[in-house]
Structures are given as C-alpha cells and as structure tokens.
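These are the residues of each chain, in order.
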Amino acid sequence: MTDSPSDPPPATPSRWQSVDGSAYDHKWEQMAAAGHDPHGEVAFVQRFNPTTVLDAGCGTGRVAIELAARGIDVVGVDLDGSMIERARAKAPALEWYQHDLATLDLASGSGRRQFDCVVMAGNIMLFVAAGTEAAVVQRCAEHVAPGGVLISGFSLGRGVTVEQYEQWVDFAGLVVEARAATWDGDPFESPGSYLVSSARKPV
Ligand SMILES: C[S@@+](CC[C@H](N)C(=O)[O-])C[C@H]1O[C@@H](n2cnc3c(N)ncnc32)[C@H](O)[C@@H]1O
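Residues numbered from 1 in each chain as written. Predicted model: local features only at pLDDT ≥ 70, side-chain atom pairs only at ≥ 80, totals over all residues. Heavy atoms only, no water.

A. Layout of the site of the ligand. Neighbouring the ligand are 19 residues; Y24, G57, R62, D78 and A121 lie closest to it. In the model, an oxygen atom of the ligand is placed 2.7 Å from a nitrogen or oxygen of the R62 side chain. Contact between the ligand and D78: an oxygen atom at 2.6 Å from a side-chain N or O atom of the residue. Burial of the ligand by the protein amounts to 97% of the accessible area it has alone, namely 600 Å². When grouped by side-chain class, the residues that make up the shell around the ligand number 10 nonpolar, 5 polar and 4 charged. (Near = heavy atom within 4 Å. Polar contact = N/O pair within 3.5 Å; in protein donor to acceptor, adjacent residues only side chain to side chain. Areas by Shrake-Rupley, 256 points an atom, 1.4 Å probe, with all protein chains shown as cover. Nonpolar A, V, L, I, M, F, W, Y, C, P; charged D, E, K, R; others polar.)

Written out as structure tokens, the structure is:
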C-alpha cells in the first residue's frame, strides 16, 4: 500500500459526522437485540462466493469481521480514525487501513491489489466528500479483480440517483449486473428508496 496506517490522516473531508466507534456499534447491537439481522450485507456478498473482499468504508468492521468469521480474506478501509481504531481493537488480526477511498491504491508487488468483491455497505456513496463520488467508484473498481464484483448499497432520494451511480460504474469500466431493493435481494422497482447495485468487471 502506498500509505501505512501510521501516516497522517488524509485532508479530504467526508460527509460522515465522526462518531465514537463504540457508540456506532452499540446502535447495531440494539438493532440486533430487537430482531434485526445485522449481517444482511454479508449474506448478500456471500452469494458471489468471493474468497477475497475489500470492505470499502468499513467503519468499525461490522461487515468485514463477519466475512472473516465465515472464512473470507478481508481488508477494511475507512477514512475515520475512530471507526478504524474500533475495528482494529475488535479484530487485531485483520488488515485495516485509514484512507480516503477517492485516492485508494492498495499495492501488491509491483501492481494493484485486487479482490473478488469490493463492497460499500452503509450508504458510503452518500458520505464521501461531495464531488469525489466518481473517483471513489473508480478507485473501488480498480481494486476489483477481472470477473469480480463491486457491490454498493445506499438510500435513494438523498443526493445520488441510480442513473448517476450507474454512470460512474460505467465510466469505471464495470458492467451493471443487477439492482436489488434490499440486502435480502428483493427486486428493485423504480423509483425505489434503496439500491443494492452489483456490477461486474469484465474478464
Ligand atoms: C454508515 S458508516 C458504514 C460503516 C460500515 N460499512 C457499516 O456498514 O457498518 C459510513 C462510513 O463511511 C466512511 N467514509 C466516508 N467517506 C469516506 C471516504 N472518502 N473514504 C473512506 N471511508 C469513508 C465513514 O468514515 C464511515 O465509517
């Protein structure tokens, strides 16, 4: 990787209001206690049978840690230091990087590291800095291996449209494969209130 976890935090802001990582986790714990499955995204990702996953905008590692528990090699990247710190404290054996997705360049030997799946769970497209969305999709796409998928789930009606997102995906050289309305895979009907997009990198 071009940057290490000890590098100074990147200057690019995001629209994510920094919260204490444990408070963020507590919210999910409460939802789980109320019967909400906190691992819908993981089950969705598993449909693609990846052996390697980049959790892009991993937060406190909610998705990455569960993927690892299910035997998948994961790397988590997030811009927010407190979120990454919490992820690292929960799962020190996993790979975590504090970095802006808009400039991400995970190195592997002389090339770029690539994954069977790059997943952006939890409205990442709505939280990255305004104007960097296309770069975020581009950088994430560059970390998808040929034949692999980029999966992103975000609320609609909050600034990013289906068409805009799919245009960024197209510019990044991926092919939109499916739209779902939920992480359970419910069929998407336009205009929709939530999109889970899957896009494939051609082999
Ligand atoms: C709602 S949280 C989702 C966290 C995790 N994916 C989950 O589903 O639990 C949104 C995350 O996006 C991260 N984020 C926002 N802009 C980012 C950027 N440019 N690069 C990396 N992470 C970013 C925030 O720091 C925050 O942790």
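Picking up where we left off.
B. A look at the side chain of N123. Secondary-structure assignment places N123 in the loop between β6 (115–120) and α5 (124–127). For N123, a relative accessible area of 13% translates into the label buried. Residues contacting N123, with those up to four places away along its chain left out, are G153, F154, S155, R158 and Y194. (Helix = DSSP H or I, 4+ residues; strand = E, 2+ residues; numbered from the N terminus. Buried < 20%, exposed > 50% of the residue type's maximum accessible area, 1.4 Å probe, protein only. Contact = heavy atoms within 4.5 Å.)

C. Main features of unusual backbone geometry. The amide bond that connects S190 to the next residue, P191, takes the cis arrangement and shows omega of 5°. Turning to its location among the elements, P191 is positioned in the loop between β8 (175–180) and β9 (194–200). In the Ramachandran plot, N49 falls in the positive-phi region, its phi being about 50° despite a non-glycine side chain. Here N49 lies in the loop between α2 (40–46) and β1 (52–56). The backbone of N123 sits at a positive phi, close to 65°, despite the residue not being glycine.

D. Summary view of the pattern of salt bridges. The tally for this structure, following the rule as stated, stands at 11 salt bridges. A salt bridge links E95 to R113, with the shortest nitrogen-to-oxygen separation between them at 2.8 Å. Placement of the pair is E95 in strand β3 (residues 95–98) and R113 in the loop between β5 (111–112) and β6, with a sequence separation of 18 residues. Between E166 and R179 there is a salt bridge; the shortest N-O distance is 2.7 Å. One end of the pair, E166, is in helix α7 (residues 162–171); the other, R179, is in strand β8, and 13 residues separate them in sequence. Look at E166 and you get buried, because its relative accessible area is 16%. (Salt bridge = Lys/Arg side-chain N within 4 Å of Asp/Glu carboxyl O.)

E. Highlighting helix α3 (residues 62–69). For α3, the full list of buried residues reads R62, V63, A64, E66 and L67. Those residues of α3 hidden inside the fold are in contact with α1 (21–33), α2, β1, β2 (73–78), β3 and β6. Backbone geometry just downstream of α3 places G71 in the positive-phi region, at approximately 90°.

F. Quick look at the environment of G192. When you line up the elements, G192 lands in the loop between β8 and β9. Between the alpha carbons of G192 and G157 there is a distance of 8.7 Å; along the sequence they are 35 residues apart.

G. Highlighting the sheet that holds β1. With mixed pairing, the 7 strands of this open sheet are ordered in space as β3-β2-β1-β6-β7-β9-β8. Whereas interior strands pair on both sides, the edge strands pair on one side only; in this sheet they are β3 and β8. On average, each strand axis in the sheet is tilted by 15° relative to the strand beside it, whichever way the strands run. In this sheet, β2 lies alongside β1 in parallel orientation, the contact comprising 5 bridges. When the bridges of β2 are listed, L54 appears paired with V75. (Pairing = 2+ DSSP bridges. Axes fitted to C-alpha atoms, helices over the stretch in contact; angles between N-to-C directions.)

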